[in-house]
Amino acid sequence: MAWAGKMLRVNLTEGTCKSEPLNMEWAHAYLGQRGLATKYLTEEIDPKVDPLSPENKMIMTTGPLTGTCASTAGRYSVVTKGALTGAIACSNSGGYFGNEMKNAGWDQIIFEGKSPKPVYLYIENDKAELLDASAHWGTSVWDTEEGIKHNHGDPQIRVASIGVSGEQGVKYACVVNDMHRAAGRSGVGTVMGSKNLKAVAIRGTLGVSVKDPKRFVQATNDGKKVLADNAVTGQGLPAMGTQVLMNVINETGALPTRNHRDNQFESANDIGAEAMAKVRETDGKANLITNAACFGCTIACGRISQIDRTHFSVAERPQYHKASGGLEYEAAWALGAATGVGDLEALTFANFVCNEQGIDPITFGATLGAAMELFEDGVLTEEQTGMSLKFGDAKALCEMALLTGKGEGFGAELGLGSKLLTEKYGRPELSMGVKGQEFPAYDGRGIQGIGLAYATSNRGACHLRGYTIASEVFGIPVKTDPLDSDGKPALVKAFQDATAAVDSSGLCVFTTFAWTLEDFAPQIDAACEGDWTAERLLEIGERIWNLERNFNNAAGFTAADDNLPERLLKDAAKTGPSEGKVNELSKMLPEYYELRGWSHAGVPTNETLSRLGL
Amino acid sequence: MQIILKLYAGLTPFLPAGAQNNQIAIEVDEGTTINAVLDAHNCPRKLCHLVMHNGFHIPPGERDARVLREGDALAAWPPIAGG
Ligand code: SF4
């Protein structure tokens, strides 16, 4: 119940699709989605495998509540060994694709091997087959999605695909579904491309059953009421979206700017939510058209926007005149503050290109920021880059997005990500990330806990493994001082464990601005066999965290990789309330290891493993 | 003395005419408190969720007592979050 109880195993080398029963013992220990797929992956691949070799596997996975009537029940994840990081990768996406997969009767799809030629997987409920994708290879996500719907004469098919970037080996390619929703980070789309798998297209009409339908409707209605009554999920997020954070984080002095050289951006107000809603002088319209929701979501935080047609980026490119998804805060920060570009229309254009060609805008923007610093330092020249790459250059942002999206020209070098790019040019200290993945939109000097969350995140620097910003800035569930590192190890651990459980449920992590695990538990309990309490969910979250950690340790990561760049540890923040601060990682990390039940070397002790049943 | 008042998101409409980029320099008396400024601009207190004084978070219980000084920045938001 709630779980479909079966999964699809696709062997791309042999071209076969086989149904298998889901391991229900594992489902009860790991819930679903992130937890369950990680269990499968870690059982089935060698942690030392080359992420881009046929021996790596990629799992598309749903949670038990995906496809149900719970709010935000459209989520799915892509789990693999990440191309960008070489660490465990789990990228979560909304939209409608996850719901379709679950309604076709599949909890997850495991892809193994490598197809001899480009293919896409087509699923119609029980029927699954690999079809020739040669006509779509070399085309964008947008064209692929339209083309596949056209092939089958069915506009209701849901498609998740890679763009040209994923084919070309750009290290941070995404899997994009529903045109602009993405399993965005760690290069999961690069792995998909390495398997010659262009897309997965699904039509599902079977429905999802739950253990106790009456209690489930009551529990999900209760949950929806909590979301509606909460000022953040009921009003703040639908009205302003995540982009409202641009000015908030800038005011706190924690908006990383120009590759973290600065911690406040003078143009923050030109690229945030207020700017998106402002009527433009040029055409009398606002950038923001409307908000939008993923499947079943009663929050609707998404942004749909339209670029000013007179703007240089699109004046000669009518294909970008239509309204599309974005900007969300993380993308706006990376494409804007991280590069010093304060032109909202240029950011929107670069974001559209990231969606169109399937590249992670966070890593792209951050890598361009690093390249701009190399350029300003004279390490890179115009001869190498093809154009001036000064901080703040909107034309360079747009041009480099186009080139990186196709892995062409200097875009192929940007496609390496900042770690390999800065190493190549002898300045590794300019890569702003952890475990090969770039930071998102919060500076660990001005917000201490998030620095620890970045350093210890199992998929490389990430805000979504433990979003302590909720507490440190918004006061959810309680306010803590962002500049004080005391108590942050416990805060980070609590957020990490709870998030791992939420990511395994099929629901969106944004519900946690209003819900605690006490709100999730009755919904899961009414849907799934077994007894599900908040305590059990938290234990599952901790189990998942340690499972991921074990995989990374076996892959060759050590405590030395739980680190931050020197810039965050030695170069104090220059302005605002965080002026003079560095991140106090060395103080927080030993306490964090102890709370986790790990050795000084960052390895879970036998006692911890047996407590968690690992 | 002058301070900078910054109102964002759903509080934007409470900015006086002439504000640009969601902020405006305003004249206030010496000894003016945070709540006195927000009240003078008709910002409903329950909408003033996140309030920052020079970037530092000020909880509701301290806003009546916290006195502003020449050149200070006062910023306020309704309930918001993101990520
Ligand atoms: S809260 Fe936003 S991201 Fe989450 S499911 Fe709803 S619309 Fe999608």
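It should be noted that the structure appears before, not after, this text.
Everything quoted here is computed from the prediction, not taken from an experiment.

**Notes on the overall build of chain B**
(1) Moving on: A tally of helices and strands in chain B yields one helix and five strands.
(2) Moving on: Secondary structure elements in chain B, listed N-terminal to C-terminal, are β-β-α-β-β-β.
(3) Moving on: Expected size for 83 residues packed as a compact globule is a radius of gyration near 12 Å; at 12 Å, chain B falls within 12% of this value.
(4) Moving on: Along the first, second and third principal axes, the C-alpha atoms of chain B reach 35 × 30 × 20 Å.
(5) Moving on: The 83 residues of chain B split such that 51% are buried.
(6) Moving on: A separation threshold of at least 6 residues defines the contact pool for chain B, and within that pool the share at least 24 residues apart is 61%.
(7) Moving on: When the accessible area of chain B is evaluated, it comes to approximately 3,800 Å², of which 51% is carbon and sulfur surface.
(8) Moving on: Taking the average place of the 6 positive charges on the side chains of chain B and the average place of its 8 negative ones, the gap between the two points comes to 10 Å.

**Structural notes on the interface of chain B and chain A**
Frequently, the measure chosen for interface size is the accessible area removed from exposure when the parts meet.
(1) Moving on: Across the contact, 21 residues belong to chain B and 29 residues belong to chain A.
(2) Moving on: With both sides pooled, the region where chain B packs onto chain A buries about 1,900 Å², and carbon together with sulfur makes up 65% of that total.
(3) Moving on: Of all residues in chain B, B:Ile80, B:Ala81 and B:Gly83 give up the largest surface area on contact with chain A, accounting jointly for 30% of the area buried on that side.
(4) Moving on: One can count one salt bridge joining chain B with chain A.
(5) Moving on: As a salt-bridge pair, B:Lys6 and A:Glu251 come within 2.8 Å of each other at their nearest N and O atoms.
(6) Moving on: Counting the contacts that link chain B with chain A gives five residue pairs in polar contact (both at pLDDT 80 or more).
(7) Moving on: The set of elements that each furnish at least two residues to the side of chain B that touches chain A consists of β3 (50–53), β4 (56–57) and β5 (73–77) of chain B.
(8) Moving on: The element that contributes the greatest number of residues to the side of chain B that touches chain A is β5(B), accounting for three residues.
(9) Moving on: Taken together, the residues of the side of chain B that touches chain A break down into eleven nonpolar, nine polar and one charged.

**So, unusual backbone geometry**
Residues and elements named next belong to chain A.
(1) Moving on: For the bond running from Gly-326 to Leu-327, omega is -5°, close enough to zero to count as cis.
(2) Moving on: Secondary-structure assignment places Leu-327 in the loop between β15 (324–325) and α12 (329–337).
(3) Moving on: Note the cis peptide between Ile-476 and Pro-477, where omega equals -5°.
(4) Moving on: With respect to the element layout, Pro-477 can be found in the loop between α20 (469–474) and α21 (488–502).

**Notes on the sheet that holds strand β9 (residues 158–161) of chain A**
Residue and element names in this part refer to chain A.
(1) Moving on: Taken in spatial order, the six strands make up an open sheet running β8-β7-β12-β9-β10-β11, and their pairing is mixed. Edge positions in the sheet fall to β8 (127–132) and β11 (181–183), since each of these pairs with one other strand and no more. Here the strands of the sheet are splayed against their neighbours by 20° on average, with no regard to which way each runs.
(2) Moving on: As paired strands, strand β7 (residues 119–124) and strand β12 (residues 197–203) are joined by six bridges and run parallel to one another. Looking across to β12, one finds that Glu-124 is bridged to Arg-203.

**Let's talk about the sheet that holds strand β2 (residues 16–21) of chain A**
All names here are of chain A.
(1) Moving on: Pairing in this open sheet of six strands is mixed, and the strands run β2-β1-β6-β3-β4-β5 from one edge to the other. Because the sheet does not close on itself, it has two edges, and the strands there are β2 and β5 (88–93). With direction set aside, neighbouring strand axes in the sheet form an average angle of 20°.
(2) Moving on: As judged from the six bridges shared by strand β4 (residues 76–81) and β5, these two strands associate in the antiparallel manner. Bridged to Thr-80 within β5 is Ala-89.
(3) Moving on: Those strands touched by helix α2 (residues 33–44) are β1 (6–11), β2, β3 (58–62), β4, β5 and β6 (108–112), and its axis lies near 25° from that of β4.

**Overview of the pattern of salt bridges**
All names here are of chain A.
(1) Moving on: Enumeration according to the criterion identifies 50 salt bridges over all chains in this entry.
(2) Moving on: Among the ionic pairs, Lys-198 bridges to Glu-167, the shortest N-O distance being 2.6 Å. On the criterion of sequence distance, the pair formed by Lys-198 in strand β12 and Glu-167 in helix α5 (residues 164–167) is long-range, its members being 31 residues apart.
(3) Moving on: By relative accessible area, Lys-198 is classed as buried at 1%.
(4) Moving on: Arg-261 serves as the salt-bridge partner of Asp-377, at 3.2 Å between the closest nitrogen and oxygen. Within this pair, whereas Asp-377 is found in the loop between α14 (361–376) and α15 (382–385), its partner Arg-261 is found in the loop between α9 (245–251) and α10 (268–271), the two being separated by 116 residues in sequence.

What counts and how
Residues numbered from 1 in each chain as written. Chains lettered and ligands numbered in written order. Predicted model: local features only at pLDDT ≥ 70, side-chain atom pairs only at ≥ 80, totals over all residues. Heavy atoms only, no water. Helix = DSSP H or I, 4+ residues; strand = E, 2+ residues; numbered from the N terminus. Rg over C-alpha atoms; globule rule 2.2 N^0.38 Å. Buried < 20%, exposed > 50% of the residue type's maximum accessible area, 1.4 Å probe, protein only. Contact = heavy atoms within 4.5 Å. Areas by Shrake-Rupley, 256 points an atom, 1.4 Å probe, with all protein chains shown as cover. Lys, Arg positive; Asp, Glu negative; His and termini not counted. Charge placed at Lys NZ, Arg CZ, Asp CG, Glu CD. Buried area = accessible area lost by both parts, 1.4 Å probe. Salt bridge = Lys/Arg side-chain N within 4 Å of Asp/Glu carboxyl O. Polar contact = N/O pair within 3.5 Å; in protein donor to acceptor, adjacent residues only side chain to side chain. Nonpolar A, V, L, I, M, F, W, Y, C, P; charged D, E, K, R; others polar. Pairing = 2+ DSSP bridges. Axes fitted to C-alpha atoms, helices over the stretch in contact; angles between N-to-C directions.

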